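Working through the structure, step by step
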Amino acid sequence: WMLTSTALVLFMTLPGLALFYAGLVRAKNVLSVLMQCFAIAATGSMVWMIAGYSLALTEGSSNYLGGFSRIMLSGLTTDSVSGTMPESVFIMFQMTFAIITPALIIGGFAERMKFSAMLIFSMAWLMLVYVPTAYWVWGGGWLADMGFRDFAGGAVVHINAGIAALVAALVLGKRRGFPTTPMPPHNLPMTVTGAGMLWVGWFGFNAGSALAADGAAGHAMLVTHLGASAGCFAWMCMEWIRFGKPSVLGIVTGMVAGLGSITPASGFVGPAGALVIGLSAGVICFLATMWVKRVLVIDDSLDVMPVHGVGGIL
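Sequence order as written defines residue numbering, which begins from 1 separately in each chain. Given that this is a predicted model, residues contribute local features only at a pLDDT of at least 70 and side-chain atom pairs are listed and counted only at 80 or more, while totals for whole chains, interfaces and linings are drawn from all residues. Excluded from the side-chain calculations are hydrogens and water; all other atoms, namely the structure's heavy atoms, are used.

Considering the pattern of salt bridges
The condition is simple: A carboxyl oxygen of Asp or Glu within 4 Å of a side-chain nitrogen of Lys or Arg is what we treat as a salt bridge. Put simply, DSSP H or I for four residues or longer makes a helix, DSSP E for two residues or longer makes a strand, and each gets a number counted from the N terminus. The cut-offs for exposure are 20% and 50% of the maximum accessible area for each residue type, with area from a 1.4 Å probe on protein chains only; residues under the lower value are buried, those over the upper are exposed, and the others partly exposed.
Considering all chains together, one arrives at six salt bridges under this definition. Of the charged contacts in the structure, one is a salt bridge between Arg112 and Asp299, with a shortest N-O distance of 3.7 Å. Taken together, the positions of Arg112 in the loop between helix H3 (87–105) and helix H4 (115–138) and Asp299 in the loop between helix H10 (271–295) and helix H11 (304–313) put the pair 187 residues apart, joining distant regions of the chain. Assigned by exposure class, Arg112 and Asp299 land together as buried. For Lys293, the salt bridge is made with Asp303, and the minimal N-O distance between the two is 2.7 Å. With Lys293 in helix H10 and Asp303 in the loop between H10 and H11, the pair connects residues that are ten residues apart, well separated along the chain.

As structure tokens, this is what we get:
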């Protein structure tokens, strides 16, 4: 089951995110966004192997950072276990979280960062921000000691990525022409294709976080689907009320908001709770998007903070 979950994320969620983002940018930047997602997946995997996993998820001498026992994955054998599963499978599964989180951030500064700067920033952020946060929550760090619960990455992935995207957008400044020049998505069918892949691949993240093929995994999958469905519906209704008609971009964005919001709670709430969370996400993330873009006039290109960040906080 964990191998299946990992494969779902790697071959559905990661390409899905790349297509989702690539369809939303202007035509001249499509290959740039695809290249950035692909490069982060490849480079982030190596960084995770070299030091990321060891510092994020092995026992350390403090509550703030993991240990050095698995630097370069030293000591890992075919018999190594993490809980009840082969450690190699656990390393691979957790690697998918580590590489998609910096990939999410690129939506905040899409169309205005050099490739070399993006790669340096992403790998530095992975080691300096993601790795310690993952240890605090999932590795036995100070947040875990306080009873903080994040089933599948609402804080470690979504709040983390949302805040980083917001700060990056503020530091870099607006794209030339924003907000007066229209910058419509160049290919919405590509975005919808990516969204469909995200929806399916997200089951790997959330149901896989049960770390077993059991009732907890099935429950997480059910509430994940309900949260995404409710997010779609609520965002669609908000657009209908605000603009007089719904849009395909809105409904897929609502899905992402629902998924991001149900992620941290997917192991802890029932179907009714998932419905409330998803409906709330569709409404609140929609309002947050309007506020960031139209009131604060922040050029978070692909709405990472109002969708992922606000959704994770919610």
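Considering the nonpolar core
The test is simple: For this analysis, a nonpolar core means a set of buried residues of the types Ala, Val, Leu, Ile, Met, Phe, Trp, Tyr and Cys, connected via side-chain atoms within 4.5 Å.
Counting residues in hydrophobic clusters, the biggest one holds 82 residues, and the most contacted among them are Phe20, Tyr21, Trp48, Ile106, Tyr130 and Met255. Examining the composition of this core, we find that twelve residues originate from one element, H3, more than from any other.

Details of the side chain of His308
The condition is simple: Definition of a polar contact: a pair of N or O atoms within 3.5 Å, with one able to donate and the other able to accept a hydrogen when the atoms are protein atoms, and with sequence-neighbouring residues admitted only if both atoms are side-chain atoms. When checking whether two residues touch, look at their non-hydrogen atoms; a contact exists if any pair is within 4.5 Å.
Along the polypeptide, His308 turns up in helix H11. Judged by its relative accessible area of 6%, His308 is buried. A distance of 3.1 Å separates polar atoms of two side chains, one belonging to His308 and the other to His158. Here His308 is in contact with Leu104, His158, Ile159, Trp202, Val256 and Asp303, once residues within four sequence places are set aside.

Things to note about the packing of helix H1 (residues 2–24) against H3
Spelled out, the test is: Helix axes use the C-alpha atoms of the stretch in contact, all axes being lines fitted to C-alpha atoms, and the angles between their N-to-C directions lie in the range 0 to 180 degrees. Roughly parallel means an angle under 35 degrees; roughly antiparallel means over 145; roughly perpendicular covers 65 to 115; every other angle is labelled oblique. Handedness of a crossing follows from how the near helix is turned relative to the far one, being left-handed for an anticlockwise turn of less than a right angle and right-handed for a clockwise one. Throughout this entry, Asp, Glu, Lys and Arg are counted as charged residues, while Ala, Val, Leu, Ile, Met, Phe, Trp, Tyr, Cys and Pro are counted as nonpolar. The remaining residues, Gly among them, count as polar.
Contact pair H1 / H3: the axes reach a minimum separation of 9 Å and the direction vectors enclose 10 degrees. If you check the angle between H1 and H3, you find them roughly parallel. By crossing handedness, the relation of H1 to H3 is classed as left-handed. Here H1 contributes Met2, Leu3, Ser5, Thr6, Val9, Leu10, Thr13, Leu14, Leu17 and Tyr21 to the contact with H3, which in turn contributes Val89, Met92, Phe93, Thr96, Ile99, Ile100, Ala103 and Leu104. The residue inventory of the contact of H1 with H3, partitioned by class, reads 14 nonpolar, four polar and no charged.

Notes on the packing of aromatic side chains
Inclusion rule: What counts as a ring pair is set by centres within 6.5 Å for rings of Phe, Tyr and Trp (its six-membered ring), and what kind of pair is set by the plane angle: stacked under 30 degrees, edge-to-face over 60, tilted for all other angles. Whether a charge sits over a ring depends on NZ of Lys or CZ of Arg being within 6 Å of the ring centre and within 35 degrees of the ring normal.
For the coordinates displayed, the defined rule picks out 13 aromatic pairs. Between Phe20 and Tyr21, the aromatic rings sit 6.4 Å apart at their centres with planes inclined by 50 degrees, giving tilted as the arrangement. You'll find Phe20 and Tyr21 in the same group, each marked buried. Measuring from ring centre to ring centre gives 6.0 Å for Phe109 and Phe121, while their planes differ by 85 degrees; the resulting arrangement is edge-to-face. Highlighted residues: Phe109 in the loop between H3 and H4 and Phe121 in helix H4, separated in sequence by twelve residues. Here the basic side chain of Arg149 rests over the ring of Phe268, its NZ or CZ set 4.3 Å away from the ring centre.

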